[in-house]
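Inside the fold
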Amino acid sequence: MASEAALDLIARLRDEASPGLASLGQALKGMLPGLAAAASLGAMAMALKNMVMAAGEEEAVMARLGITVANTGVAFEPLRGKTEQLTAAMRALGTEDEATMGALTSLTQITGDYAKAQALLPIVADMAAAKQMDLASAAMLVGRAAMGSVDTLKRYGIVLRDGATAAEALTAMQKKFGGAAAAMAETLPGQLAVLKMQWGELGEVVGSALVPLATQVVGAMAGMVTAAQGPMQAFVATVQSG
């Protein structure tokens, strides 16, 4: 008897819930296109945001490098073309433009000479690849060595005579690490790093082109979201009415 009563209760609950479930199903069905569109718009907005932010970050890094060079008494604009050549060469090794310009900024700050900073960059790239360190850390070590601070190089396998000069230290670093960056770029991990970097750089190019349109796009998307609020409120009301 208890089982029959339970079955009756379940049947009544099912019958009572059916109209509400049917209404909810219809509401969800009607909302699916809008929800799908909202999800697509959200993904597009995130991709656009990332591209624009990446482009803005690269511009900021370039601006910091320009200020650093200008503070040494040298105009940066005539050197921009050479800088772009260096970043292109470093891209072939799998290094992003921001990392290259950051290294150049550090080297210029340490040496006070942008021409010397550019000349030191290949050693920085080779040391970073050989010792598996980031470019910024390698730039600090190479820059300090170029200014005569060579004691810390022992930690990285560079053994020098007592009283070694900066020139001797840089020669020893070239001898030990030279070619490491190019060799690393030829390996599978290196090629994957190059591919990842190239994809990121492509996004930055697109982001730069889209910056003038970003405000218009965001405004249009905001209007779409506002238009979707009515159907969403109707859906919520249907759920609450049960």
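You'll find the structure just up there.
Being a predicted model, the structure only gives us computed values, none of them experimental.

1. Thoughts on helix α6 (residues 166-177)
Between its first and last C-alpha, α6 extends 16 Å over twelve residues, near the 16 Å set by a 1.5 Å rise per residue. Turning to α6, its buried residues number three or more, namely Ala166, Ala169, Leu170, Met173 and Phe177. Within α6, the buried residues cover an arc of 95° as seen down the axis, which keeps them to one side. In α6, the exposed positions angled more than 90 degrees off the buried face are occupied by Ala167 and Lys175. A positive phi of about 85° marks glycine 179, the residue just after α6.

2. Describing the side chain of aspartate 97
The residue aspartate 97 is located in helix α3 (residues 97-111) in this model. Its relative accessible area of 4% is what places aspartate 97 among the buried residues.

3. Regarding a nonpolar patch on the surface
Together, Leu188, Leu192 and Leu195 make up an exposed nonpolar region whose accessible area comes to about 330 Å². Within the secondary structure, leucine 195 sits in helix α8 (residues 188-241). Under the relative-accessibility criterion, leucine 195 is labelled exposed at 54%.

4. A short note on the packing of α3 against helix α5 (residues 135-146)
Each packed pair of helices is defined by two parameters, the angle between the axes and the distance between the axes. Close contact between α3 and α5 brings their axes to 9 Å; oriented N to C, the two are set at 25°. If you check the angle between α3 and α5, you find them roughly parallel. The two elements α3 and α5 meet at a crossing, and its hand is right-handed. From α3, Ala99, Thr100, Ala103, Ser106, Leu107, Ile110 and Thr111 reach across to α5, where they touch Leu135, Ala139, Met140, Gly143 and Arg144. For the contact of α3 with α5, the class distribution of residues is seven nonpolar, four polar and one charged.

Conventions used here
Residues numbered from 1 in each chain as written. Predicted model: local features only at pLDDT ≥ 70, side-chain atom pairs only at ≥ 80, totals over all residues. Heavy atoms only, no water. Helix = DSSP H or I, 4+ residues; strand = E, 2+ residues; numbered from the N terminus. Expected span 1.5 Å × (residues − 1). Buried < 20%, exposed > 50% of the residue type's maximum accessible area, 1.4 Å probe, protein only. Arc of directions from axis to C-beta. Patch = residues over 30% accessible without salt bridge, like charges linked within 9 Å, V, L, I, M, F, W, Y side chains within 5 Å. Areas by Shrake-Rupley, 256 points an atom, 1.4 Å probe, with all protein chains shown as cover. Salt bridge = Lys/Arg side-chain N within 4 Å of Asp/Glu carboxyl O. Axes fitted to C-alpha atoms, helices over the stretch in contact; angles between N-to-C directions. Parallel < 35°, antiparallel > 145°, perpendicular 65-115°, else oblique. Left-handed = near helix turned anticlockwise from the far one by under 90°. Contact = heavy atoms within 4.5 Å. Nonpolar A, V, L, I, M, F, W, Y, C, P; charged D, E, K, R; others polar.

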